[in-house]
Amino acid sequence: MSHLGPRVGIVAPSPAPSPFSIAVQFILTGIVWGSSFLFIAVALTGMTPAQVAGGRLLFGALSLAAIVAIRRERLPRDRRVWGHLCVLSMSFCVVPFLLFAWAEQHVSSGLASIFNATTPIMTAIMAWAVFRVERLRVGQLIGIGVGIAGVVVIIAPGAVAAVGDSTIAQIALLGATACYGFSLAYMRRFLGDTSLSGIAFAFGYIGPAAAFMVLLSPFILAEPMQLTLPVVGSIVALGVLGTGIAYVWNQNTLRAWGPTRASTVTYITPVVGVALGILILGERISWNEPVGAAVVFVGILLVQQRIRLPRRVRT
């Protein structure tokens, strides 16, 4: 998942960790989420995309359930809240996890991590154009355009040569980040008034998503699996760390730093993802991938107003 936490007021009071602890958790979150693309790639050597997504959700739900039980977190009782959480279980978990796993059969894990960085741009588009929960300034709209241009730089060379599996996979990755953007804006629109803690909130949509995949297990498990140690280790790490514990760290960062600073984890994940793909999987990157990624990051900085255009351009 972008893997960014919801920008909504759902965090219950708790003892504040030290600034050093928060910084460590922030860095660890970026490393774990950046490693997720490597874990997916390794898991796919012995599992189908649906099995990877299902295993990820199952281990993530189990780890979050354990945390919820240990901390005695309060779960929602309102049917309306559960209804919205079930929507998120599809849009924030099942669909994007399936798309990422399917796409990584045809593109490198490093490229998948680069596309994941488009989540803030997708979120801005959804919040502005679909749910009308944000009003964007001219500079932010230009940032969206710049981000789209960066995506074109990444996709265009291969698409011009031939529209094949790689091009379709890259479009699928954009579909996954669009799901993340939709979900984050949906949270803000419909679930901004809950009193749930961040951990209980996460379990509220990851749990139903895992249950849905378990219901489909007769079909998912019909395909044979090769459960080697690397495959099992990757799927457990992907679920327990990437979909479980890292979310706790991210929530602690959100509490201490706020959503704007915490969202900078997006800048860490593609660096980690690309580096691990090269060092461990022997992947290669084309010139257009880092160039396009740099353009996307400029777009993100404009959208998040970390860099601003001169006043005469903005007015």
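About the thresholds
- Sequence positions are assigned chain by chain, starting from 1 and proceeding in written order.
- Given that the model is predicted, a residue must reach a pLDDT of at least 70 before its local features are reported, and side-chain atom pairs must reach 80 or more before they are shown or counted; all residues, however, enter totals for whole chains, interfaces and linings.
- Side-chain numbers come from the whole structure's heavy atoms, not from hydrogens or water.
- A 1.4 Å probe that fits but cannot get out identifies a cavity on a 1 Å grid over protein atoms alone, an open set with protein on both sides within 12 Å along at least five of seven lines counts as a pocket, and a residue lines either if it has an atom within 4 Å of a point.
- Grid points are joined across faces, edges and corners, and a volume is the space filled by probe spheres set on the points.
- Secondary structure follows DSSP: runs of H or I at least 4 residues long count as helices, runs of E at least 2 residues long count as strands, and numbering of each begins at the N terminus.
- Only Asp, Glu, Lys and Arg are considered charged, only Ala, Val, Leu, Ile, Met, Phe, Trp, Tyr, Cys and Pro nonpolar, and every remaining residue, Gly among them, polar.
- Nitrogen and oxygen atoms within 3.5 Å of one another constitute a polar contact, given that in protein one can donate a hydrogen and the other can accept it, and given that sequence-neighbouring residues count only through two side-chain atoms.
- The contact rule is simple, with two residues in contact once any of their heavy atoms fall within 4.5 Å.
- Only protein chains enter the accessibility calculation, which uses a 1.4 Å probe. A residue is then buried if its area is under 20% of the maximum for its type, exposed if over 50%, and partly exposed in between.
- Each residue gets a pLDDT score, which is the predictor's confidence in that residue and runs from 0 to 100.
- A helix's residues, less one, multiplied by 1.5 Å, set its expected span.
- Put simply, a salt bridge is a Lys or Arg side-chain nitrogen that is within 4 Å of an Asp or Glu carboxyl oxygen.
- Fitting one axis to the seven residues ending at a residue and another to the seven starting there, the bend at that residue is the angle between the two axes.
- In these notes, a set of buried Ala, Val, Leu, Ile, Met, Phe, Trp, Tyr and Cys residues joined through side-chain atoms within 4.5 Å is what counts as a nonpolar core.
- Only Phe, Tyr and Trp rings are paired, with Trp represented by its six-membered ring, and only when their centres lie within 6.5 Å; those with planes under 30 degrees apart are stacked, over 60 edge-to-face, the remainder tilted.

Turning our attention to the layout of surface pockets. The volume enclosed by the second largest pocket comes to roughly 280 Å³. Taken together, 18 residues make up the lining of the second largest pocket; nearest its centre are Gln51, Gly54, Gly55, Leu58 and Leu221. Mapped onto the lining of the second largest pocket, the elements with two or more residues apiece are helix H2 (49-71), helix H8 (198-215), helix H9 (217-220) and helix H10 (229-257). If you tally residues by element for the lining of the second largest pocket, the top one is H2, at six residues. Residues of the lining of the second largest pocket, tallied by class, amount to 14 nonpolar, four polar and no charged.

Structurally, the position occupied by Thr243 is in helix H10. Side-chain polar atoms of Thr243 contact the backbone oxygen of Leu238, separated by 3.1 Å. The contacts of Thr243, once residues within four sequence positions are left out, are Arg56, Gly60, Leu64, Phe97, Ile206 and Leu238.

Backbone geometry at Arg72 places phi at a positive 55°, although glycine is not the residue there. Relative to the elements of secondary structure, Arg72 occurs in the loop between H2 and helix H3 (79-103). What makes Arg72 exposed here is its relative accessible area of 76%. Here the phi dihedral of Gln305 falls at roughly 60°; this positive angle occurs in a residue that is not glycine.

Confidence along the protein chain averages 88 in pLDDT terms, with 90% of residues attaining 70 or more. Scored below 50 in pLDDT, residues 1-13 makes 58 contacts in the model with residues more than four places away or belonging to other chains.

Look at helix H13 (residues 288-303): 22 Å from first C-alpha to last across 16 residues, which is about the 22 Å you get at 1.5 Å a residue. One or two positions beyond H13, positive phi appears at Gln305, with a value near 60°.

As a further point, take the pattern of salt bridges. For the structure on display, the rule yields two salt bridges. Of the charged contacts in the structure, one is a salt bridge between Glu73 and Arg71, with a shortest N-O distance of 2.9 Å. With relative accessibility at 36%, the residue Arg71 sits in the partly exposed group. Glu134 is the salt-bridge partner of Arg188, the closest N and O atoms lying 2.5 Å from each other.

This part covers H3. In an α-helix, one turn spans 3.6 residues, which is why side chains three or four residues apart end up on the same side. Taking 1.5 Å as the rise per residue, H3 with 25 residues should run 36 Å; its terminal C-alpha atoms sit 35 Å apart, in good agreement. The principal kink in H3, of about 30°, is found at Ser89. Between a side-chain oxygen at the N-terminus of H3 and the backbone nitrogen of Arg80 the separation is 2.8 Å; the capping residue is Asp78.

What follows covers the nonpolar core. If you look at the biggest cluster of nonpolar residues, it comprises 73 residues, and the most contacted ones within it are Leu57, Leu88 and Tyr205. By residue number, the principal contributor to this core is helix H7 (residues 165-190), which donates eleven residues. Among the nonpolar cores identified, the runner-up in size contains six residues, and Val32, Trp33, Trp249 and Val265 belong to it.

Further remarks concern the packing of aromatic side chains. Summed over the entire model, instances satisfying the criterion amount to eleven aromatic pairs. On the numbers, 5.7 Å between centres and 90° between planes, the contact of Phe92 with Tyr180 is edge-to-face. Taken together, the residues Phe92 in helix H3 and Tyr180 in helix H7 connect sequence positions 88 residues apart. Taking the relative accessible area as the measure of exposure, Tyr180 reaches 0% and is therefore buried. An angle of 50° between the planes, with centres 4.6 Å apart, marks the rings of Tyr186 and Phe190 as tilted. One end of the pair is Tyr186 and the other is Phe190, both in helix H7 and four residues apart, which spans about a single turn. Judged by its relative accessible area of 8%, Tyr186 is buried.

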